[in-house]
Each structure stands twice: as C-alpha cells, then as structure tokens.
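Next come the chains, spelled out residue by residue.
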Amino acid sequence: MKRAGFLLFAVAPVLVTATVYFATPEHTATADAKGPASVSRKAREKDSANAERKADGEVADAPPGLAAPDRKELAQEIVASAENSTLKWHEAYAYVEDIGDGQGYTAGIIGFCTGTHDLLTLVERYTEEHPDNGLARFLPALRKVDGTDSHEGLDPGFPAAWRREAALAAFREAQDHERDSVYFDPAVRLAKLDGLGTLGQFIYYDAMVMHGPGTSADGFYGLRERAVREANLPSEGGDEKAYLDIFLDIRREAMKAKDPQRDTTRIDTAQRQFLHDGNLDLHTPLRWKVYGETYRVP
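(A) Seen up close, the confidence of the model for the chain. Confidence in the prediction for the chain averages 87 pLDDT; 83% of positions are at 70 or higher. pLDDT under 50 marks residues 2-34. Its contacts with residues more than four places away, or in other chains, come to 35 contacts.

Given below as structure tokens:
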C-alpha cells in the first residue's frame, strides 16, 4: 500500500505554523483582536465546523451500506482474495511475505508494508499500548527501512516475530483498528457523501487499501479528484455507474503507470464485473476472478 501518512504530512506544516504564530507572546494581541483577519478566520472555522456537522448528519442518515456487518465481512473477503489469495481473511493476521513489489514485507489483513509507513505506524501504536510486545525490538529497523524495500535489521527474525504476535488477540485487534480508522471508515464515509451505494463504497475502500490515503496523483484522494473532474458525482446528479466506470479506468491506469506488467484483475474481473452486472448494492451470490483464480460467495 501507499504511504498512509501522506495526507497528514501535507497539512501538518500549516497547522504547526498557525499554532506557533498565535502562541508566541508578541502575537497574543493579534490572536485576541477583533480585526478583519481574525473575524475572517473565525468565520472560516465556523463554516468548516458547520459543514462537518452537516456531513456527519448525512452519513448518519444514509443506509448502512458496506458498514453493515454482513457487507463488511464480504468486503474483507473480496479484499483478501486480492491481497492474500483467500477468502479466509481471518487467517491473514499472521501473513507476512516479501512479494517482490518494491514495498518490502507485506503483512497482515490488508497488506501493511514495511516500505510504505503503515506497518511502522501499526507497530508504533501497538507498542504504545503493549510496550513489551515481540515486535517492539524491530522499531529502529522499521523506521530505517521505511520508504524502501530493504530488509536491513529485519532479517531473519521479523517474519517469525510477526506470526507469533498475530496469535495474540491484542495484536489482531490492533490490525482491525488500523484497518478501520485509516482505510475502511474514511472510504465508506466519503463514498456515502459522494452518493455511492454499497458497491461504490467497496470500490473506494479497495482503492484506499491498495493506493493509500494520499493526495498525490496515484494516492486515493488524487485518483478521486481526477475522476470528479471527468464525471459528475451521483450526489451532484451524475450517473453512479458512469462515475464508477471512470474511477476504475483512472485507477487501472495508475496501476499500469507504475508497472506496465502489473496484474489488474482485482479491477478487470472483479469490481468491473460487479459494475457491469449492475450490482450496485453488492448483493450475493457473487462470483469473481483474481489472478486467474475463481472465488464465490453464496
């Protein structure tokens, strides 16, 4: 997956600058002033807060969609077919392997990677709650290899340590929490605001998992921005099927741009098939292919 922290890094400098500016003594009067700049800033903050509350209300009023327990279970199965070549996603907590994609070790239920920051973030957060865990000793090495495909400091013990830790309920729960807070919940929320049904919510989620929540051209938010420029969102009166077709085109193009030989069957013979069948609610039974293997959910 892509670097999960990119979106946060993009806005952090602005937040830090603002905090430092208004916290220093010489700017106390400016921060407390009722001048035009202060009024304008407060108005923008109020508008943003109101918009956020309105969005929360819209999401709360929408049907559960992919967030319904049975649909969420189905989503994990479809993702696992592409990430782990199995429908038994519960068995993937202990999965760890370098699949040769230039992202180091891929591990866990949605393919956290040592080269893309999200595996490091997972282990850091887990270690905050469980300091004596079996992966904590690899944190210096994980920080060093972050952003590379290197195994320096990880071999030979890291894969075995990951598998042992995955036997613990606490580490499985940590993987679930990271999946939901970084990938599943933001993807489903935005899809609902965009007027997408259950299939569209899954398409966003799978894209978030694979491309990461980044704002770059090949990150999830970058891909969505390109799609919005080419087609109206259903929430704006656009045709849902047409919009999703364009989003999948753009996503496939991004995958091939990175590696012309990359397998894109998770789009071509899975999500695209559901879309062409008109299954916008992702009803079962489902049949799809990934990497040439056929999967079925009754």
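(B) Summary view of the pattern of salt bridges. Within the structure shown, the criterion is met by 16 salt bridges. Across the pair Asp194 and Arg224 runs a salt bridge, and its minimum N-O distance is 2.8 Å. Here the residue Asp194 occupies a position in the loop between helix H8 (169-193) and helix H9 (198-211), and Arg224 occupies one in helix H10 (residues 220-230), the gap between them amounting to 30 residues. In terms of burial, Asp194 and Arg224 fall into one category: buried. One network of salt bridges, with partners in common, ties together Lys72, Asp176, Arg179 and Asp180.

(C) Representation of the packing of aromatic side chains. The full count for this structure, using the stated rule, is 13 aromatic pairs. Residues Tyr204 and Phe220 carry aromatic rings whose centres are separated by 5.1 Å and whose planes lie at 75° to one another, so their mutual orientation is edge-to-face. With Tyr204 in helix H9 and Phe220 in helix H10, this pair connects stretches of sequence that are 16 residues apart. When sorted by exposure, Tyr204 lands in the same class as Phe220, which is buried.

(D) The arrangement of a negative patch on the surface in detail. Negative charge collects at one region of the surface, where Glu97, Asp98, Asp149 and Asp155 lie side by side. Counting through the fold element by element, Asp155 comes out in the loop between helix H6 (139-145) and helix H7 (158-165).

(E) Looking closely at the environment of Ala174. You can see Ala174 is positioned in helix H8. Overall, Ala174 belongs to the buried group, its relative accessible area being 16%. It is 7.3 Å that separates the C-alpha atoms of Ala174 and Leu122, two residues lying 52 residues apart in sequence. Setting aside anything within four residues of it in sequence, one finds Ala174 in contact with Leu122 and Tyr126.

(F) Examining the nonpolar core more closely. Of all hydrophobic cores here, the largest spans 75 residues; its most connected members are Phe158, Trp162, Tyr204 and Tyr205. Every residue in contact with Tyr205, bar those within four places of it in the chain, is listed here: Leu66, Ala75, Gln76, Val79, Ile110, Arg179, Tyr183, Phe184 and Ala187.

(G) Here's a closer look at the pairing of strand E4 (residues 286-290). Here E4 shows one buried face, formed by Leu286, Trp288 and Val290, and one open face, formed by Arg287 and Lys289. Across 5 bridges, the pairing between E4 and strand E5 (residues 293-297) is antiparallel. Counterpart to Leu286 in the pairing with E5 is Val297. With antiparallel pairing between neighbouring strands as the criterion, E4 and E5 make up a hairpin whose turn holds 2 residues, including Tyr291 at a positive phi of roughly 55°.

(H) Structural context of unusual backbone geometry. With an omega of 5°, the peptide bond between Asp155 and Pro156 qualifies as cis. Summarising the element assignment, Pro156 is placed in the loop between H6 and H7. A cis geometry characterises the amide bond from Thr284 onward to Pro285, with omega recorded as 5°. Mapped onto the elements of the fold, Pro285 is located in the loop between helix H12 (265-276) and E4. Of note, Ser85 is a non-glycine position whose phi angle comes to about 55°, a positive value.

(I) Geometry of the packing of H9 against H12. The geometry of H9 relative to H12 is characterised by a closest axis approach of 10 Å and an angle of 160° between their N-to-C directions. Here H9 is positioned roughly antiparallel relative to H12, judged by the angle of their axes. The crossing of H9 and H12 is left-handed. When H9 is examined against H12, the residues Leu199, Phe202, Ile203, Asp206 and Met210 are found in contact with a partner set consisting of Arg266, Gln271, Phe274 and Leu275. Across the contact of H9 with H12, the residue classes tally to 6 nonpolar, 1 polar and 2 charged.

(J) Layout of the sheet that holds strand E1 (residues 96-97). Within the open sheet, the 3 strands sit side by side as E1-E2-E3. Their pairing is antiparallel. Unpaired on one side and paired on the other, E1 and strand E3 (112-113) mark the two borders of the sheet. Where E1 meets strand E2 (residues 106-107), 2 bridges bridge the pair, whose relative direction is antiparallel. In the strand pairing of E2, Glu97 is matched with Thr106.

Conventions we followed
Residues numbered from 1 in each chain as written. Predicted model: local features only at pLDDT ≥ 70, side-chain atom pairs only at ≥ 80, totals over all residues. Heavy atoms only, no water. pLDDT = per-residue confidence, 0-100. Contact = heavy atoms within 4.5 Å. Salt bridge = Lys/Arg side-chain N within 4 Å of Asp/Glu carboxyl O. Helix = DSSP H or I, 4+ residues; strand = E, 2+ residues; numbered from the N terminus. Buried < 20%, exposed > 50% of the residue type's maximum accessible area, 1.4 Å probe, protein only. Phe/Tyr/Trp six-rings, centres within 6.5 Å; stacked < 30°, edge-to-face > 60°. Patch = residues over 30% accessible without salt bridge, like charges linked within 9 Å, V, L, I, M, F, W, Y side chains within 5 Å. Areas by Shrake-Rupley, 256 points an atom, 1.4 Å probe, with all protein chains shown as cover. Lys, Arg positive; Asp, Glu negative; His and termini not counted. Charge placed at Lys NZ, Arg CZ, Asp CG, Glu CD. Core = buried A, V, L, I, M, F, W, Y, C linked by side-chain atoms within 4.5 Å. Pairing = 2+ DSSP bridges. Axes fitted to C-alpha atoms, helices over the stretch in contact; angles between N-to-C directions. Parallel < 35°, antiparallel > 145°, perpendicular 65-115°, else oblique. Left-handed = near helix turned anticlockwise from the far one by under 90°. Nonpolar A, V, L, I, M, F, W, Y, C, P; charged D, E, K, R; others polar.

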